[in-house]
Amino acid sequence: MRIATWNINGVKARQGLLLKWLEDVSPDIVCLQEIKSVDEAFPRMEIEALGYNVETHGQKSWNGVAILSKHRFDEVTRGLPGDDADEQSRLIEGVFSVEGGVVRVCCIYLPNGNPVGTDKFTYKLSWMDRLHSFVEERLALEEPFILLGDYNIIPAAIDAKNPKQWVGDALFRPESAEKWRALVNLGLTDAIRAVTDEPSYTFWDFKTFGWDRDDGIRIDHLLLSPQAADRLNDVIVHREVRGMDKPSDHVPVEGDFAF
């Protein structure tokens, strides 16, 4: 089973690219972030025509997440528990039947947090605390669990072409790194680091023309429960998509699993 994450940066703007990529690569499950679309406006029919089931947790103009799956959904969960006042659409989870049981796939769009020193950074850290509690509950199920998406976290210096330029940024702040480590230390495996020690960038900034200089960072991650990590075969970062017409600033990251 091939399971991918992709911050699409606006599904309306990237619809043609998304459909082409789905048709060419044909992953089993795709988790999208920053769809920037209400549920009713999402291009469901076009994607379903390619053989996918579609579930969304949309939001007008901002945020929004979706899961596209060739497998039927057994369950769908929308929203991160722990704060009833939080109206931002940043988490959707699907459960799918596979040989020998189920696989639980959770798509997240973690807050950016910039600028540091504002409520946005406070929100990022509190969202990560809530995510920590959520993941603890999921790991207690002892199922194959894949937590993937745009984390807006640069885990280590190797994950940035020029780490010094990110010092002080919310993506690379010590507070963010501490909460990332706490999350991983629950027993999760960073899929990319399980298969390679080489830099594997997933984002190149439009504003700084980062793609032209390969000035990238790795902020799109697949974190795996022990039951999912045992089934991991490989991870592919689809860098080629960044060079296509009207790309997102992120590229798809795809895990290959023996489910």
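In the block above lies the structure referred to throughout.
Which parts of the structure should I look at to understand the overall build of the chain?
In terms of helices and strands, the chain carries six helices and 14 strands. With respect to the principal axes defined by its C-alpha atoms, the chain has extents near 45 × 45 × 40 Å. Put simply, of all contacts in the chain between residues at least 6 apart along the chain, 69% involve residues at least 24 apart. As presented, the chain carries roughly 11,400 Å² of accessible surface, and 48% of it is formed by carbon and sulfur atoms. Considering the chain, the positive charge centre built from 29 side chains and the negative charge centre built from 43 side chains are found 5 Å apart.

Is there a simple way to explain the sheet that holds strand β2 (residues 29-33) in this structure?
The pairing of strands in a sheet happens through backbone hydrogen bonds and is either parallel or antiparallel. One open sheet holds the six strands; their spatial order is β3-β4-β2-β1-β14-β13, and the pairing between them is mixed. Each having just a single partner strand, β3 (53-57) and β13 (232-237) make up the two edges of the open sheet. Averaged over all adjacent pairs, the angle separating strand axes in this sheet is 15°, with direction ignored. Here β2 runs beside strand β4 (residues 65-69); their pairing, made up of five bridges, is antiparallel. Within the sheet, the bridge partner assigned to Leu-32 lies in β4 and is Ala-66.

How should the pattern of salt bridges be read in this particular structure?
Any two side chains of opposite charge can pair if their charged atoms end up close together. In this structure the tally under the stated criterion is 16 salt bridges. Of the charged contacts, one joins Lys-179 and Asp-129 as a salt bridge, the two residues approaching to 2.8 Å between their closest N and O atoms. Of this pair, Lys-179 sits in helix α4 (residues 174-184) while Asp-129 sits in helix α3 (residues 119-139), and the two are 50 residues apart along the sequence. Classification of Lys-179 by relative accessible area gives partly exposed; the value is 23%. A relative accessible area of 40% means that Asp-129 is categorised as partly exposed. Put simply, Arg-173 and Glu-175 hold a salt bridge, and the shortest N to O gap is 2.9 Å. The exposure class of Arg-173 is partly exposed, given its relative accessible area of 24%. It is possible to trace a salt-bridge network through shared partners that takes in Glu-93, Arg-104, Arg-138 and Glu-143.

Got a minute to help me understand α4 in this structure?
Structurally, the α-helix is built with 3.6 residues per turn, so residues lying three or four positions apart point the same way. Buried within α4 are the following residues: Ser-176, Ala-177, Trp-180, Leu-183 and Val-184. The buried residues of α4 occupy an angular sector of 120° when the element is viewed end-on, so they sit on one face. When the buried face of α4 is taken as reference, the exposed residues oriented beyond 90 degrees from it are Pro-174 and Glu-178. Each element contacted by the buried residues of α4 is listed here: α3, β8 (145-150), β9 (189-190) and β12 (220-224).

Which parts of the structure should I look at to understand the side chain of His-221?
Position of His-221 relative to the elements: it lies in strand β12. Judged by relative accessible area, which is 1%, His-221 ranks as buried. Separated by 3.2 Å, the side chains of His-221 and Arg-218 make a polar contact. Setting aside its immediate chain neighbours within four residues, His-221 contacts Leu-147, Leu-148, Gly-149, Tyr-151, Ile-153, Pro-155 and Trp-180.

Could you clarify how one ought to interpret the sheet that holds strand β7 (residues 101-109) in this entry?
Judged by pairing direction, the sheet is mixed, and its six strands sit side by side in the order β5-β6-β7-β8-β12-β9 without closing on themselves. The open sheet has two free edges, formed respectively by β5 (75-78) and β9, since each of these has just one partner strand. By the bridge criterion, five bridges tie β8 to β12 in an arrangement that is antiparallel. Residue pairing in the sheet places Asp-150 in a bridge with Asp-220 of β12. In the packing of α3 onto the sheet, contacts are made with β5, β6 (91-98), β7 and β8, and the angle to β8 comes to roughly 160°. Most of the contacts of α4 go to β12, to which it runs at about 30°, and overall it touches β8, β9 and β12.

How do you make sense of the nonpolar core when you look at a structure like this?
Buried together is how nonpolar side chains tend to be arranged in soluble globular proteins. Core analysis: the largest hydrophobic core is formed by 29 residues, its most contacted members being Ile-3, Ile-67, Val-105, Ile-146, Leu-222 and Leu-224. Of all the elements, β7 adds the most residues to this core, at four residues. Judged by nonpolar contacts, the second largest core, of 21 residues, contains Cys-106, Ile-108, Tyr-123 and Leu-147.

Calculation rules
Residues numbered from 1 in each chain as written. Predicted model: local features only at pLDDT ≥ 70, side-chain atom pairs only at ≥ 80, totals over all residues. Heavy atoms only, no water. Helix = DSSP H or I, 4+ residues; strand = E, 2+ residues; numbered from the N terminus. Contact = heavy atoms within 4.5 Å. Areas by Shrake-Rupley, 256 points an atom, 1.4 Å probe, with all protein chains shown as cover. Lys, Arg positive; Asp, Glu negative; His and termini not counted. Charge placed at Lys NZ, Arg CZ, Asp CG, Glu CD. Pairing = 2+ DSSP bridges. Axes fitted to C-alpha atoms, helices over the stretch in contact; angles between N-to-C directions. Salt bridge = Lys/Arg side-chain N within 4 Å of Asp/Glu carboxyl O. Buried < 20%, exposed > 50% of the residue type's maximum accessible area, 1.4 Å probe, protein only. Arc of directions from axis to C-beta. Polar contact = N/O pair within 3.5 Å; in protein donor to acceptor, adjacent residues only side chain to side chain. Core = buried A, V, L, I, M, F, W, Y, C linked by side-chain atoms within 4.5 Å.

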